[in-house]
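Chain by chain, the residues run as shown.
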Amino acid sequence: MTILLCMASPSYAQLIAKDSTGVMAISLDEITIQAQSVIEKGDRKVILPTQNQLKMSSSGIDLLGKLQLPRITVDIMSGEITTSGNGEVQLLINGVQVTYTEISSLSPEDILRIEYHDTPGARYGNAAAVIDYITKNKKAGGSISGGAIHSLSSNRTSIDDIVSGRYNYGKSEISANTRYIQRKGDWTREYDERFIFPDKELHRLETGEPTLFNKKLLTSSLSYSLQEKGKYLFNAQFRYTLQDNPAGYEDRKSKLYTSDSEIPVSIYDHTKERNHLPSLDLYYQRNLKNDQRLIFNLVGTYIKSSNTRIHQEKQEGIANTELYSDIAGKKYSLIAEAIYEKKIRARNTDGRSQTSAILYRQPI
């Protein structure tokens, strides 16, 4: 095991100043330098946030931004965590996969450490990075938290609200959270292009009218977990997501002027989309002797989607092009898998400890 940095020590500073009479030294009071600890464990980095970082953070997401992990980008406004190259980041709490909303509702004071897998193994699928929040094991009590961001103007609306709560009793924990996001406003399409041919040049100019876009997202979850540290963990979680887009960013109303015609083309394009995604996730992990672990995971999902699009092009009120599509779909899935993991500890040529794992993964 190699500790990259672990420092919280008193130090003294001296201010050196010059004036017209010479050099003057002024002693300052004792100062304390603090830095987060990063422990290398071969297959992951273990980050121990400082008390100041925990105190200054409002949520698990806010804390992640302050840690500034390599390759990790946290965009609070869009609600996304990505790696360089826009790779997928898998989020976990105590080894159980969770969503951005659940990390947003996590109180920093409940976080013991963060384990960062920058080169995750096959267990984590196609994830480019894995971030696992290890939390305190509370025996009793609960908390309720919430937050709201509203940005309103004459032609733009931005809303991001979140409410969460959790309650602990013995080895059990019940938690629930919900998040609502809306982006609404007007946009105008302007387009100017020229096509040069051997015998002529074609100029196309599109001038748009203010067009509404309106996108709404509701995510919620209800979770129950039963855990004994170092022995077993059971987690049952129901999630529901509603994506409601009455008007997309691609919608437009505009007039198209071309150099080969004196009559402009009126264009109307509108898309409406709505998706329902409920799911149930059952997870059980059993720790065995000699760094062995068994994991069973069952996920059932139902997706109901609808998409409607209208595209019209008219000249002098006469339709040249008119397209209409109405798509509806339903999808069911049930995915089960069993994982056996055995950790093997060895030492590199430089004496550092290296941990690897034998992984057996069997879809059911």
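No experiment lies behind these values; they were computed from the predicted model shown. (Residues numbered from 1 in each chain as written. Predicted model: local features only at pLDDT ≥ 70, side-chain atom pairs only at ≥ 80, totals over all residues. Heavy atoms only, no water.)

Draft legend 1. Inspection of the side chain of Thr219 at higher detail. Summarising the element assignment, Thr219 is placed in strand β17 (residues 211-228). By relative accessible area, Thr219 is classed as buried at 18%. Polar side-chain contacts of Thr219 include one of 3.0 Å to the side chain of Thr101. Among all residues touching Thr219, those that are not within four sequence positions of it are Thr101, Asn177, Thr178, Arg179, Tyr240 and Thr241. (Helix = DSSP H or I, 4+ residues; strand = E, 2+ residues; numbered from the N terminus. Buried < 20%, exposed > 50% of the residue type's maximum accessible area, 1.4 Å probe, protein only. Polar contact = N/O pair within 3.5 Å; in protein donor to acceptor, adjacent residues only side chain to side chain. Contact = heavy atoms within 4.5 Å.)

Draft legend 2. Layout of the nonpolar core. Grouped together as the largest cluster of nonpolar side chains are 23 residues, with contacts concentrated most on Leu69, Ile72, Ile81, Ile131 and Tyr133. Looking at this core, the elements with two or more residues in it are α2 (60-67), β8 (89-93), α3 (100-104), β10 (111-117) and β11 (129-135). When sequence neighbours within four positions are dropped, the list of residues in contact with Ile81 reads Ile61, Leu64, Ile72, Thr73, Val74, Val89, Leu91 and Tyr100. (Core = buried A, V, L, I, M, F, W, Y, C linked by side-chain atoms within 4.5 Å.)

Draft legend 3. Representation of the pattern of salt bridges in the model. Taken as a whole, this structure holds 21 salt bridges when the rule is applied. Residue Glu228 is joined to Lys171 by a salt bridge in which the shortest nitrogen-to-oxygen separation is 2.9 Å. Here the residue Glu228 occupies a position in strand β17, and Lys171 occupies one in the loop between β13 (156-169) and β14 (172-187), the gap between them amounting to 57 residues. Given a relative accessible area of 22%, Glu228 falls into the partly exposed group. The shortest N-O distance in the salt bridge between Arg204 and Glu193 comes to 2.8 Å. Taken together, the residues span a long stretch of sequence, with Arg204 in strand β16 (residues 201-209) and Glu193 in strand β15 (residues 190-196) at a distance of eleven residues. Through salt bridges with shared partners, a single network forms among Arg189, Glu206, Arg252, Asp269 and Arg309. (Salt bridge = Lys/Arg side-chain N within 4 Å of Asp/Glu carboxyl O.)

Draft legend 4. Up close: the confidence of the model for the protein chain. Residues of the protein chain with pLDDT of at least 70 account for 85%, and the chain-wide mean is 84. Counting contacts from residues 1-28, a segment whose pLDDT is below 50, to residues more than four positions away or on other chains yields 48 contacts. (pLDDT = per-residue confidence, 0-100.)

Draft legend 5. Representation of the environment of Ile131. If you trace the backbone, Ile131 turns up in strand β11. As for Ile131 and Ile93, which are separated by 38 residues in sequence, their C-alpha atoms are 8.5 Å apart. Apart from residues no more than four positions distant in its own chain, Ile131 is found in contact with Leu64, Leu69, Ile72, Val89, Gln90, Leu91, Leu92, Ile114, Glu115 and Tyr116.

Draft legend 6. Region of the structure containing the environment of Asn155. Looking at where Asn155 falls in the secondary structure, it is placed in the loop between β12 (140-152) and β13. For Asn155 and Lys184, which are 29 residues apart along the polypeptide, the C-alpha to C-alpha distance reads 8.1 Å. Sequence-distant contacts of Asn155, that is, excluding residues within four places in its chain, are made with Lys184, Gly185 and Asp186.

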